[in-house]
Amino acid sequence: MTTTYGPSSVWVVVLAVGFLTFCIRYSFVYLFGRIDGMPPRIEAALRYVPAAVLAALVAPAVVDPGPTVSATLADDRLVAGLVAAAVAWYTEDVFATIGVGMAALWLAGAVL
Amino acid sequence: MSRLHAPLLAGARASLPLLLGLVPFGLVAGVAAVDAGLSPFQAVGLSVVVFAGASQLAVVDLLGRDASLAVVVLTATIINLRMSMYSASIAPHFADFRRRWRILCAYLLTDMSYALAIAEFTDGGERSGDGDTSDTDSDDPTVDSADPTHRRGYYLGAAVAMWLVWQAATVVGVVVGARIPDRWGVGFAVPLVFLALLVPDLTDRPRVLAALVGGSVAVAGAGWPLNLGLVGGALAGVVAGVVADGRVNA
């Protein structure tokens, strides 16, 4: 799986993605000085951005829908994810969550 | 000294646990880029210019498969669309920085720097006095987020630490080039980091609902093209949270 594109094509992609990504990041930071505050509705919606986005990033990495419910539930990653979620809930500590989560993944892989 | 250094150090210290999760991700990004046929210079250039892990992995994956260049650019950009939500959310907190600082802070905006900074700036989820947007002034002496210099220092302390670790991890991944055995599953550290950020944010029912809907749609859409499952899940989750919020307050 090696690209056949030449160096200039690769650099075009790198610069295009970098430029567009910067525009996305800077968009509202730039606009905020020009518009007088954020509309209350948008402000209210933004309160739910972290939970929604973080869940959307986590869930597909942890939940792998299997052919049956039990096969889905017995997946190493879901088991490890649930254990890690419990640790995150009680400790609110990222180190502990990663440590226990990885240990749970390896253990589940050995057991299940 | 303390006026500038204290918030920088506070931000860098707060980012320490997240940096651990960044290392395996950065290693993978470096190894994958070289595997896909990028030169070491291009691989590191991608990390420096784009500085967004998931989209970097998408770029090298699609380049390795000789996807059309337009699809490569479009896919990576869509993956990063979620950052517009971070930009809108954090904009009030950057509003009184000078423009060059706003540009630098925007370039450094990632899932992690956003999550860490917004938690510090809003202290418990509610906006506390930053002049422009607040209706009540926070007089909590332990929270210094009303001070722009503190906010800028804290954000840059955390974000620059993340940038340095990310670049270093990419370089190591490029140089070592040897793939970590798949069975170790070290890539799993990345969702664990997001999980560790997510769980403490679930402080009320609308947020829990936002997470449940966002996660469910993202799982259902895992196979959708252009990473629309992620974007769709995020949007559906926000809508669910707003609707639930309206019900609770009605």
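Residues numbered from 1 in each chain as written. Chains lettered and ligands numbered in written order. Predicted model: local features only at pLDDT ≥ 70, side-chain atom pairs only at ≥ 80, totals over all residues. Heavy atoms only, no water.

**Quick word on the nonpolar core**
- If you look at the biggest cluster of nonpolar residues, it comprises 97 residues, and the most contacted ones within it are Ile 90 and Tyr 155 of chain B.
- It is helix α3 (residues 49-62) of chain A that contributes the most residues to this core, 10 residues altogether. (Core = buried A, V, L, I, M, F, W, Y, C linked by side-chain atoms within 4.5 Å. Buried < 20%, exposed > 50% of the residue type's maximum accessible area, 1.4 Å probe, protein only. Helix = DSSP H or I, 4+ residues; strand = E, 2+ residues; numbered from the N terminus.)

**Looking at the confidence of the model for chain A**
- Taken as a whole, chain A shows an average pLDDT of 87; of its residues, 95% reach a score of 70 or greater.
- Within chain A, the lowest mean pLDDT, 76, falls on helix α2 (residues 40-46) of chain A, and the highest, 95, falls on helix α1 (residues 7-31) of chain A. (pLDDT = per-residue confidence, 0-100.)

**What about the confidence of the model for chain B?**
- Scored by pLDDT, chain B comes out at a mean of 83, with 83% of its residues at no less than 70.
- Note that residues 124-143 of chain B has pLDDT below 50 and, in this model, 27 contacts with residues that lie over four places away or in other chains. (Contact = heavy atoms within 4.5 Å.)

**Things to note about the interface of chain A and chain B**
- Tallying the contact residues gives 63 residues for chain A and 94 residues for chain B.
- Both faces considered, chain A and chain B share a buried interface measuring about 6800 Å² in area, 77% of it formed by carbon and sulfur atoms.
- On inspection of chain A and its partner chain B, the count reaches 1 salt bridge.
- The partner of Asp 245 of chain B in a salt bridge is Arg 47 of chain A, and the shortest N-O contact between them spans 3.7 Å.
- Of all the secondary structure elements, the ones that give two or more residues to the side of chain A that touches chain B are α1, α2, α3, α5 (76-91) and α6 (94-111) of chain A. (Buried area = accessible area lost by both parts, 1.4 Å probe. Salt bridge = Lys/Arg side-chain N within 4 Å of Asp/Glu carboxyl O.)

**What about unusual backbone geometry?**
All names here are of chain B.
- One non-glycine residue, Phe 51, adopts positive backbone phi at about 50 degrees.
- Its place among the elements puts Phe 51 in the loop between α2 (40-50) and α3 (53-64).
- When its relative accessible area of 4% is taken as the criterion, Phe 51 is described as buried.

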